[in-house]
Amino acid sequence: MTSNRLAGRCLCGGVSFSVDAEAFDNRTACHCSQCRRWSGHVWASVSGPKAKFAIDAGEDKVKWHHASDFARRGFCADCGSSLFWHAHGLEEYKDRIAVAFGALDAPTGVKLEEHIFVADKGDYYDIADGLPQSHH
Ligand SMILES: [Zn+2]
Ligand SMILES: [Zn+2]
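Being a predicted model, the structure only gives us computed values, none of them experimental.

K.L.:
Is there a simple way to explain the coordination of the zinc ion (ligand 1) in this structure?
P.N.:
Ideal values for angles at a metal depend on the geometry: 109.5 degrees with four tetrahedral donors, 90 or 180 degrees with six octahedral donors. C10 (SG), C12 (SG), C76 (SG) and C79 (SG) make up the full set of protein donors to the zinc ion (ligand 1), lying at 2.3 to 2.4 Å. Around the zinc ion (ligand 1) sit four donor atoms; with metal-centred angles ranging over 104 to 113 degrees, the donor geometry is tetrahedral. Here the donor residues of the zinc ion (ligand 1) share one chain and are spaced in sequence as C-x1-C-x63-C-x2-C. Accessibility expressed as a relative area gives 27% for C79, which makes it partly exposed.

Shown next as structure tokens:
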């Protein structure tokens with residue numbers, strides 16, 4: 001049985017990646033100020049085990065920005081697309097990775113499930129889709 005993969009790429013196409021669709025079952029939109037600055041608005045992602053994630057092309061183009069002591073953010077050095085979030089410094093998260101929902105090829109067949117860090121959201125929009133909201 002072949003696993004169902006979700007594939008994605010950056011804007012210029014230099015970096016492509018894929019994840020196992022079933023294992024990447026945490027689908028959130030993060031409203032924290034770091035994610036908003038990094039992505040330009042809300043950073044929506046799917047996360048799952050790093051073992052079920054692969055950079056299929058352009059690994060040399062991925063640059064990692066160490067935004068905090070425990071997390072790094074991966075982006076394409078050529079086009080700047082925000083692609084990956086990896087909390088390498090947190091024991092419970094270091095073996096997981098989040099990939100940009102918006103970078104995935106359509107149809108994804110999956111839906112956003114939760115808004116996180118909503119206490120930190122911007123004042124220029126409302127969250128009105130009825131999904132659960134978490135403060136962390
Ligand atoms: Zn690119
Ligand atoms: Zn965030």
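K.L.:
When you look at the sheet that holds strand β9 (residues 96-100) in this model, what are you seeing that I'm missing?
P.N.:
Each strand in a sheet pairs with another by means of backbone hydrogen bonds, the pair being arranged parallel or else antiparallel. The strand order β6-β7-β8-β9-β4-β3-β10 describes an open sheet built from seven strands, whose pairing is mixed. Edge positions in the sheet fall to β6 (62-65) and β10 (114-116), since each has one partner strand and no second. Mean inter-strand twist for the sheet, computed between neighbouring axes without regard to direction, equals 30 degrees.

K.L.:
Please explain the pairing of strand β2 (residues 16-20) as it appears in this structure.
P.N.:
In regular strands, side chains alternate between the two faces of the sheet. Within β2, five of the five residues are buried, which leaves the element mostly enclosed by the surrounding structure. Note that strand β1 (residues 5-9) and β2 share five bridges and pair antiparallel. Residue pairing in the sheet places G8 in a bridge with F17 of β2. Linkage of β1 to β2, two consecutive antiparallel strands, is achieved through a turn of six residues, within which G13 is found at a positive phi near 85 degrees.

K.L.:
Honestly, the coordination of the zinc ion (ligand 2) in this entry has me stumped. Any pointers?
P.N.:
Protein-derived coordination of the zinc ion (ligand 2) comes from C30 (SG), C32 (SG) and C35 (SG), at a distance range of 2.1 to 2.3 Å. Summarised as a motif, the one-chain spacing of the donors to the zinc ion (ligand 2) is C-x1-C-x2-C. Assigned by exposure class, C32 and C35 land together as buried.

K.L.:
What's the story with the nonpolar core in this structure? I'm lost.
P.N.:
One broad rule of soluble globular proteins: the nonpolar side chains tend to lie buried together. Core analysis: the largest hydrophobic core is formed by 28 residues, its most contacted members being V15, F17, F24, F53, L83, F84 and V99. Examining the composition of this core, we find that four residues originate from one element, β9, more than from any other.

Rules used in this analysis
Position labels on residues start from 1 in each chain and follow its written sequence. Throughout, the order in which chains and ligands are written sets their labels, letters from A for the former and numbers from 1 for the latter. Local features are withheld for residues below a pLDDT of 70 in this predicted model, meaning they are given only at 70 or higher, and side-chain atom pairs are given and counted only at 80 or more; totals for whole chains, interfaces and linings count all residues. No hydrogens and no water enter the side-chain calculation; it runs on all heavy atoms of the structure. In this description, a donor is an N, O or S atom within 2.8 Å of the metal centre, a cutoff extended to 3.2 Å for sodium, potassium and calcium. Water is not part of the atom list, which can make sites seem incomplete. Every geometry call rests on angle ranges, with four donors termed tetrahedral when all angles are between 85 and 135 degrees, four termed square planar and six termed octahedral when opposite donors are over 155 degrees apart and all others are between 65 and 115, and everything else termed irregular. Exposure is judged per residue with a 1.4 Å probe applied to protein chains only, and the accessible area is read against the type maximum: over 50% gives exposed, under 20% gives buried, and values in between give partly exposed. Being paired, for any two strands, means DSSP has found at least two bridges between them. Helix numbering and strand numbering both begin at the N terminus, where a helix is a DSSP run of H or I of at least 4 residues and a strand a DSSP run of E of at least 2. To obtain each axis, a line is fitted to C-alpha atoms, and for helices this fit is confined to the stretch in contact; angles are then taken between N-to-C directions over 0 to 180 degrees. Among the buried residues, those of types Ala, Val, Leu, Ile, Met, Phe, Trp, Tyr and Cys that are joined through side-chain atoms within 4.5 Å form a nonpolar core.

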